[in-house]
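Next come the chains, spelled out residue by residue.
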Amino acid sequence: MMRYFFKFFLVIFSLVTATPMNTASAESRIITMSTTTSTEASGLLDYLLPEFYADTGITVRAIAKGTGAALRDGMDGNVDIVFVHDEEREKKFVEDGFGTKRYYVMYNDFVIVGPKNDPAKIHDAVDSAEAMRKIAKARTPFISRGDDSGTHAREKQLWVATGLPLNRHGEPIDGRGWYFAIGQGMGPALVMAGEKDGYLLSDRGTYLHYKYGRAQGYDPEVIYEGDDMLKNPYGVIPVNPERFSHVNNDLAETFARWLVSERGQEVIGSYQLHGHPLFFPDARKGQ
Amino acid sequence: MDFLTQSLAEAFTMLVSLDPELYFIVWVSLRVSLMSTLIASAMGIPLGFLIAIRHFRGKRGVITLLNTLLALPTVVIGLFVYALLSRQGALGHLGLLYTPAAIVVGQVILILPWVAGFTVSAVSRIDERYRRTAMTLGAGPLQTAIAILREARFGILGSVIAAFGRVISEIGIAMMLGGNIKGFTRTMTTAMALEHNKGEFVLAVALGIVLLAVSLAMNILLQVIQGWYGEDR
């Protein structure tokens, strides 16, 4: 009787323990990177990282989060490199000694997505701040990421630019009933905007993916685009080895330099999502 | 409705075509969950057994504590273990964060109260006279313990299976401590959440089917094991 029991557990136990949990042997050629959900969800990482591996034999383990959480990983020394999009916080990250250097890598842009009939009439707005002001004035639903991500940070900058009174979280004071902070990723935010016939700020990649990448499609349209304030630069920062002696700085530097090299920039520029280019090379000379 | 049937159809195609990415995710999930169930059982069954047969002050309190811990939310454990395993934390030097081992640590904490708590109730249900009879018949403490465990085995085994079901279907710990790294710590549940974020449902639905199939298989296994014992008696 008991024998069956033991045999059963013995089989499972040997099955589970036969394979090592963490492959320590190859550890030296692996780096861990915290990045934003947009690089992963847009498919860029699946395109980029294999190319990098082919060139250098280095595996990049990517953890996708909001920019705030990704930077936090760097500040705690939990990753070797961060690849995010919030220029101000990135610069502060380097100034505070958490990272060695910020490299300009690429940019994409944000778009204001909303219902086709454009109830707040933002299409002809002179700039993105006016577009946001019109949404607030018309009190049409606005879906905020509300998750401390790079996109959320940009939303807040836009709200500041509108000159409207804001509360201490940077949200419009009279937002009750039309301003919804949902604390979720880009995809769920897009879905909710569609369900509520509202507007939202989205990165172009995730929007394209929802619009053209799915059998069921997505009804809302890009209503406003092209303003300078909607440009979204991505930077890569190796974590400072003077602060955290355990980080794999050599390989992290290799990855950062590869991204801004001619080859890396070409790979980034050639990536297309559903026939639309998504990320534009942005490496600066002499950086 | 079209949307669901279409996703289901594509999901089945994916399952049948033995998509390597899909099956690797399943493998990571199974490995991590089995590991944490084994460790939690190895710790929880003896612990529950001792609590059940010993008489000591504060026994009720311990049992109440175990029952309370059953309701521990996964995100709370995730946060707690994160703070411990982060490079800034007490165990940061181990470098365990964002590895499968980190998920195992969190999941063991999650299900240890389940295994221990249900072992306590399974063993307590065995009549005190059973123990005394075993001892009168000349059984030593170890033999007595084995006899009692044998009597309580269905309850204990049931708790182990339930614990396994709990860890394989949880997401908070796997996401916060594993980090959903492709080909390394991406489990069925974190992959499903990611696919939902991406607005793609085929892989998510396929994984959902596998998840249900695994639960079904575990329960059938439980039935079969109970069947063996039934015939043996």
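Basis of the calculations
Residues numbered from 1 in each chain as written. Chains lettered and ligands numbered in written order. Predicted model: local features only at pLDDT ≥ 70, side-chain atom pairs only at ≥ 80, totals over all residues. Helix = DSSP H or I, 4+ residues; strand = E, 2+ residues; numbered from the N terminus. Buried ≥ 20, exposed ≤ 12 C-beta atoms within 10 Å, placed from the backbone. Contact = placed C-beta atoms within 7 Å. Domains from an automatic or database assignment. Nonpolar A, V, L, I, M, F, W, Y, C, P; charged D, E, K, R; others polar. pLDDT = per-residue confidence, 0-100. Axes fitted to C-alpha atoms, helices over the stretch in contact; angles between N-to-C directions. Left-handed = near helix turned anticlockwise from the far one by under 90°. Core = buried A, V, L, I, M, F, W, Y, C linked by C-beta atoms within 7 Å.

1. Observations concerning the overall build of chain B
Then step 1. Secondary structure assignment for chain B yields 11 helices and zero strands.
Then step 2. When the helices and strands of chain B are listed from N to C terminus, the series reads α-α-α-α-α-α-α-α-α-α-α.
Then step 3. Over its C-alpha atoms, taken along the principal directions, chain B stretches across nearly 65 × 50 × 30 Å.
Then step 4. A burial count over chain B gives 41% of its 233 residues as buried.
Then step 5. Expressed as a percentage of contacts within chain B between residues at least 6 apart in sequence, the contacts between residues at least 24 apart total 76%.

2. Brief notes about the environment of I58(A)
Residues and elements named next belong to chain A.
Then step 1. Relative to the helices and strands, I58 is located in the loop between helix 3 (44-56) and strand 2 (59-65).
Then step 2. Separated by 125 residues in the primary sequence, I58 and G183 have C-alpha atoms spaced 34 Å apart.
Then step 3. Among all residues touching I58, those that are not within four sequence positions of it are R29, I31, F52, Y53, L251, T254 and F255.

3. Describing the domain arrangement of chain A
Residues and elements named next belong to chain A.
Then step 1. The domain boundaries assigned to chain A delineate domain 1 (24-107 + 233-281) and domain 2 (109-231).
Then step 2. Inter-centroid distance (C-alpha atoms) of domain 1 to domain 2 is 27 Å.
Then step 3. With 17 residues of domain 1 at the contact, the number on the domain 2 side is 17 residues.
Then step 4. With three residues, helix 2 (residues 37-41) is the single largest residue contributor to the side of domain 1 that touches domain 2.
Then step 5. Residues that form the side of domain 1 that touches domain 2 fall into these classes: six nonpolar, 10 polar and one charged.

4. Thoughts on the confidence of the model for chain B
Residue and element names in this part refer to chain B.
Then step 1. In the predicted model, chain B carries a mean pLDDT of 88, and the fraction of residues at 70 or more is 97%.
Then step 2. Predicted confidence in chain B is weakest over helix 11 (residues 202-232), with a mean pLDDT of 79, and strongest over helix 5 (residues 100-124), with 95.
Then step 3. The ipTM assigned to the predicted complex is 0.72, against a pTM of 0.78.

5. What to know about unusual backbone geometry
Residues and elements named next belong to chain B.
Then step 1. The phi torsion at Y98 lies on the positive side, around 65°, for a residue other than glycine.
Then step 2. As for its position among the elements, Y98 is in the loop between helix 4 (74-85) and helix 5.
Then step 3. Positive phi, close to 55°, is recorded for N180, a residue that is not glycine.
Then step 4. Tracing the sequence through the fold places N180 in the loop between helix 9 (172-178) and helix 10 (188-198).

6. Describing the packing of helix 6 (residues 128-136) of chain B against helix 7 (residues 141-151) of chain B
Two measures define how a pair of helices packs: the angle their axes make with one another and the distance between the axes.
Residues and elements named next belong to chain B.
Then step 1. One way to put it is that helix 6 packs onto helix 7 with a least axis distance of 9 Å and a crossing angle of 140°. The handedness of the crossing between helix 6 and helix 7 is right-handed. Together, Y130, R131, A134 and M135 of helix 6 and T144, A147, I148 and E151 of helix 7 make up the contact between the two elements.
Then step 2. Grouping the amino acids of the contact of helix 6 with helix 7 by side-chain chemistry returns five nonpolar, one polar and two charged.

7. Structural notes on the nonpolar core
Then step 1. If you look at the biggest cluster of nonpolar residues, it comprises 130 residues, and the most contacted ones within it are I81(A) and V115(B).
Then step 2. A per-element tally of this core places helix 5 of chain B first, with 16 residues.
Then step 3. Counting only domains with at least three residues in this core, you end up with domain 1 (24-107 + 233-281) and domain 2 (109-231) of chain A.
Then step 4. Once residues lying within four places of it in the same chain are set aside, the contact partners of V115(B) are A40(B), S41(B), G44(B), I45(B), G48(B), S159(B), V160(B) and A163(B).

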